[in-house]
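Descriptive structure summary
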Amino acid sequence: MSGIVLKAENIHKSYGGLSVLRGISFEVKRGETKVIIGPSGTGKSTLLRCINQLSPPDKGRVWLDGVEITDPKVDINKVRSSIGMVFQDFNLFAHLPVLDNVRIGLTKVKGMEKKEATDLAMEELQRVGLRDKASSYPAELSGGQQQRVSIARALAMNPKLILFDEPTSALDPELIGEVLNVMINLAKEGMTMLVVSHEMGFARSVANEIIFMEHGVIVEEGPPQQLFSNPKHKRTGEFLHKITELYGESEK
Amino acid sequence: MPIDKLILIWQSFPSLLKGTLVTIELTAGFLSLGLILGIPLAFGEVYGNKFVSAMIISPFVKIFRAIPALVLLFLFFFGSASFGFELSAFTAAILAIGFRSSAYQSQIFRGAIQSIGVGQMMAARSIGMSKLKAVQHIILPQALRLSIPPWTNEYAGVLKDSSLAYAVGVTELMRQGRYIVARTFGNALLVYFVCAVIYFILVYSGNKFLGFLEEKYKIPGYEIKKRPRKSLERI
Amino acid sequence: MNFFELAWNILPALLKGTVVTLEITGVSISIGFILGILLALGRVYGNKFIYLLTTTYVEIIRGTPLLTQLFLLYFGLPSIGVMLSPLLAAVIGMGLNSGAYQAEYFRGAIQAVKSGQMIAARSVGMSKFKAVRYIILPQMLRIVIPSWSNELIYLVKYSSLAYMIQAPELMAEGRLIASRNFRTFEVFLVVAFIYLVIVLILSKVLDILEKQIRIPGLEMQAV
Ligand SMILES: Nc1ncnc2c1ncn2[C@@H]1O[C@H](COP(=O)(O)OP(=O)(O)OP(=O)(O)O)[C@@H](O)[C@H]1O
Ligand SMILES: [Mg+2]
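Remember, predicted model here, so these are calculated numbers, not experimental data.

**With respect to the overall build of chain A**
Within chain A, the secondary structure is distributed over 9 helices and 10 strands. For 252 residues, the compact-globule estimate of 2.2 N^0.38 gives 18 Å, and the C-alpha radius of gyration of chain A, at 18 Å, lies within 12% of that figure. Projected onto its principal axes, the C-alpha coordinates of chain A cover approximately 55 × 45 × 35 Å. The contacts of chain A with a sequence gap of at least 6 include a subset with a gap of at least 24, amounting to 66%. On chain A, roughly 10600 Å² of surface is accessible, and the fraction owed to carbon and sulfur atoms is 48%. Counting 31 positive and 32 negative side-chain charges, chain A places the averaged centre of each group 4 Å from the other.

Okay, structure coming up:
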């Protein structure tokens, strides 16, 4: 298999008359972490949803491990089961205890035996440090814990790639660290990740590349060092400056 | 109470109980038909084709809610006869009030589904569930829980409406009462009072049971204000 | 005679019944309104005894069918020498019934008025009675409108039960006509249509009314 896990080519998407994505192309290599930044309303969430086809793109193609998943003939549910997604507001299944949240994809999508699924789910919970919360309900957890469960839910499916949509921006500041730590560990273990986030500390420490998007196009893309120290576009520098001020850079 | 009245009650109890049984059967029929139709109607309204929803489901719901139960009963009972397939009074009643209940229940479930939030559906789809699986494993279990309090209202409503089946000749509780009143003279107040007591017991115990279910299936920690309050409105 | 000719022919008689239907509804919603406010005040501000009394009343009425209540009044009361005319029995029965439901909406609405309002009213020197009369009730009445609109529409539909105690309203007119021409289904289709029109018009009117008298910031959610 080639080293390229995800390839997006010329993605377009509009809602009604509003054209949100206007020709986005990029690649993510195996084991790589890419961070997408950009102003609000720029289409970052839309882009992630275009990748796993929760909102199918109007135009453009997406490949996962060399297989074109925008092809109408592919079983999109099967594809989605190998692309994890972590949401800003967690979206844990409210009526299920933590263990079932992690397990349900294994049993109901992958058709795994309950016993095997349980073991695997417990392992993933261990990985995010929440094994002891297996029988709690989502509403009984803090935001940071909920987000870690949702990461475990994504991990349990053994994804080729995980999409993160601002995973820490709904969290109280003191809870951000625990989620970022889990993500940093994942990056170190070689998980392939595409992360929309404005946590620049995180981006600097683990991102292989940062993609700066504005108005539905990629303005600039490159390693963090390069974007921070000498951006090609004036807008990139301005934006980076602004969010560094806004979010600080204190996180590990 | 004079002894002869007590004897009367004692003697009429078997027939009143028989009537009560029919009342319970009617209620169970209304609720089941209403549930079986109401759930797909609700999902159709929320997730289905917009055209079908606007042209079929929505008018169905509006019409069945706007026409009085008694008129619906007459339409089904006499209508079936004029279309040449005679429904029994019991069947006509089940269909009329059952369809009507499905319109009301669809609104209960629709409200519940809509209060769940799109994030749940999106998360379910994101781990590879088909729309159907997502509905089955994620949306429906939550919607049913949220529906219990308003459903309790619906239960009491159709139980009380079962008395209208009297009008087309179903021998439910009220009609059994009527027969006793007709057989004996001057006991209407007493007999209908006993009927009222029986209805009250049925409403009360049903409410208690549903309250128990609600408690049993409560999701720990789930914010109470997210659940639709039991509406006081009658429907 | 096709259906439309039939409908046209019977319309005048049915409209006569419709007027009675609306009269029954109007009178009983009014009885229910006054009774409902008193019951609600009893449940919110009453002492233990009054609370128990009003609550019992509300629970009993809500726990039994309107039809049974009407039968008790119309067929039952003569057992103790009280004869009511069908119309009188209908409006009393429906009024007593609606009072219990309206009490619940009013109670919910009173409780939805912010508790600070009462304290503020007392702090400017109003008596409890005056505070309720001038501060709580006016706000409560606005909050209650959506539920109350529902109740009105409910009563229009359930006034059809008056037919069962021989009141000459819309249903009864329909039944009468059908007993002469034997076209029961078609007659009741017209009856159904009339109810449909009344209910749709009434909902529209109440909707507009609701918007007209809204007070900014005083939410009017159904209680
Ligand atoms: N389902 C939808 N229907 C209509 N418009 C939409 C939809 N989803 C997104 N949009 C619009 O598309 C634009 C881009 O939205 P998107 O959520 O992708 O932005 P974003 O970059 O993720 O912003 P944020 O940083 O605020 O999350 C916005 O103007 C939004 O209103
Ligand atoms: Mg976004």
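**Overview of the interface of chain B and chain C**
Contacts between the two partners involve 41 residues from chain B, matched on the other side by 46 residues from chain C. Here chain B meets chain C over a buried area of about 3800 Å², counting both sides, of which 72% is carbon and sulfur. In this assembly, chain B and chain C are joined by 0 salt bridges. On inspection of chain B and its partner chain C, the count reaches 7 residue pairs in polar contact (both at pLDDT 80 or more). Secondary structure elements with two or more residues in the side of chain B that touches chain C: α2 (50–66), α3 (69–82), α4 (89–116), α6 (131–161), α7 (173–183) and α8 (188–216) of chain B. If one sorts the elements of the side of chain B that touches chain C by residue count, α8(B) sits on top with 9 residues.

**Comments concerning the pattern of salt bridges**
Scanning the model with the defined rule gives 22 salt bridges over all chains in all. The closest approach of N and O atoms between R43(C) and E104(C), which form a salt bridge, is 2.4 Å. Taken as a pair, R43(C) in helix α1 (residues 3–45) and E104(C) in helix α4 (residues 86–112) lie far apart in primary sequence, 61 residues in all. You'll find R43(C) and E104(C) in the same group, each marked buried. What you see here is one network of salt bridges that share partners, running through E214(A), K234(A), R235(A) and E238(A).

**Let's talk about the packing of α1(C) against helix α2 (residues 48–62) of chain C**
Residues and elements named next belong to chain C. Following both chains from N to C, one finds α1 and α2 inclined at 135°, their axes separated by 8 Å at the closest point. Taken together, the axes of α1 and α2 lie oblique to each other. The hand of the α1/α2 crossing is left-handed. Across the interface between the two elements, L35, L39, G42 and R43 of α1 pack against I50, Y51, T54, T55, Y57 and V58 of α2. Considered class by class, the residues forming the contact of α1 with α2 number 6 nonpolar, 3 polar and 1 charged.

**Comments concerning the interface of chain B and chain A**
Reports of interface size often rely on the accessible area that becomes lost once the parts have come together. With 21 residues of chain B in contact, the opposing surface of chain A contributes 24 residues. Contact between chain B and chain A buries roughly 2000 Å² in total, counting both sides, with carbon and sulfur atoms accounting for 67%. Where chain B touches chain A, the interface holds 0 salt bridges. There are 6 residue pairs in polar contact (both at pLDDT 80 or more) connecting chain B and chain A. Sort the elements by how many residues they give to the side of chain B that touches chain A and helix α5 (residues 118–126) of chain B lands first, with 7 residues. Residue composition of the side of chain B that touches chain A, by class: 10 nonpolar, 8 polar and 3 charged.

**Comments concerning the site of ligand 1**
Residue and element names in this part refer to chain A. Neighbouring ligand 1 are 13 residues, the closest being S40, G41, K44, S45 and T46. Within the backbone of G43, one N or O atom sits 2.9 Å away from an oxygen atom of ligand 1. Taking S45, its side chain carries an N or O atom lying 2.7 Å from an oxygen atom of ligand 1. Considered on its own, ligand 1 offers 630 Å² of accessible surface; in the complex 60% of this is hidden by protein. Where the shell around ligand 1 is concerned, the elements lending two or more residues are β2 (18–29) and α1 (44–51).

**Focus on the sheet that holds strand β10 (residues 217–222) of chain A**
All names here are of chain A. Strand order in the open sheet made by the 6 strands is β6-β7-β8-β3-β9-β10, with mixed pairing throughout. The open sheet has two edge strands, β6 (83–86) and β10, and neither has a second partner. Going from strand to strand, the sheet's axes swing by 20° on average, the running direction of each strand aside. Across 5 bridges, strand β9 (residues 209–214) lies against β10 in antiparallel orientation. Bridge pairing in β10 places E214 opposite V217. Contacting β3 (33–37), β6, β7 (161–165), β8 (193–196) and β9, α1 crosses the sheet at an angle of about 155° to β7.

**Description of the environment of I177(C)**
All names here are of chain C. Position of I177 relative to the elements: it lies in helix α8 (residues 170–181). Linking I177 and L67, residues 110 residues apart in sequence, is a C-alpha distance of 23 Å. Excluding anything up to four places from it in sequence, I177 contacts I10, A13, L14 and V187.

**Topic: the nonpolar core**
All names here are of chain A. Counting 159 residues, the largest nonpolar core has F26 and L194 as its most contacted members. Setting aside its immediate chain neighbours within four residues, L194 contacts L6, F26, V28, K34, I36, L48, I51, L161, I162, L163 and F164. In this structure, M122, V149, L175 and V179 belong to the second largest nonpolar core, which totals 52 residues.

Definitions and cut-offs
Residues numbered from 1 in each chain as written. Chains lettered and ligands numbered in written order. Predicted model: local features only at pLDDT ≥ 70, side-chain atom pairs only at ≥ 80, totals over all residues. Heavy atoms only, no water. Helix = DSSP H or I, 4+ residues; strand = E, 2+ residues; numbered from the N terminus. Rg over C-alpha atoms; globule rule 2.2 N^0.38 Å. Contact = heavy atoms within 4.5 Å. Areas by Shrake-Rupley, 256 points an atom, 1.4 Å probe, with all protein chains shown as cover. Lys, Arg positive; Asp, Glu negative; His and termini not counted. Charge placed at Lys NZ, Arg CZ, Asp CG, Glu CD. Buried area = accessible area lost by both parts, 1.4 Å probe. Salt bridge = Lys/Arg side-chain N within 4 Å of Asp/Glu carboxyl O. Polar contact = N/O pair within 3.5 Å; in protein donor to acceptor, adjacent residues only side chain to side chain. Buried < 20%, exposed > 50% of the residue type's maximum accessible area, 1.4 Å probe, protein only. Axes fitted to C-alpha atoms, helices over the stretch in contact; angles between N-to-C directions. Parallel < 35°, antiparallel > 145°, perpendicular 65-115°, else oblique. Left-handed = near helix turned anticlockwise from the far one by under 90°. Nonpolar A, V, L, I, M, F, W, Y, C, P; charged D, E, K, R; others polar. Near = heavy atom within 4 Å. Pairing = 2+ DSSP bridges. Core = buried A, V, L, I, M, F, W, Y, C linked by side-chain atoms within 4.5 Å.

Honestly, that's just the spatial picture; any functional story needs more than this.
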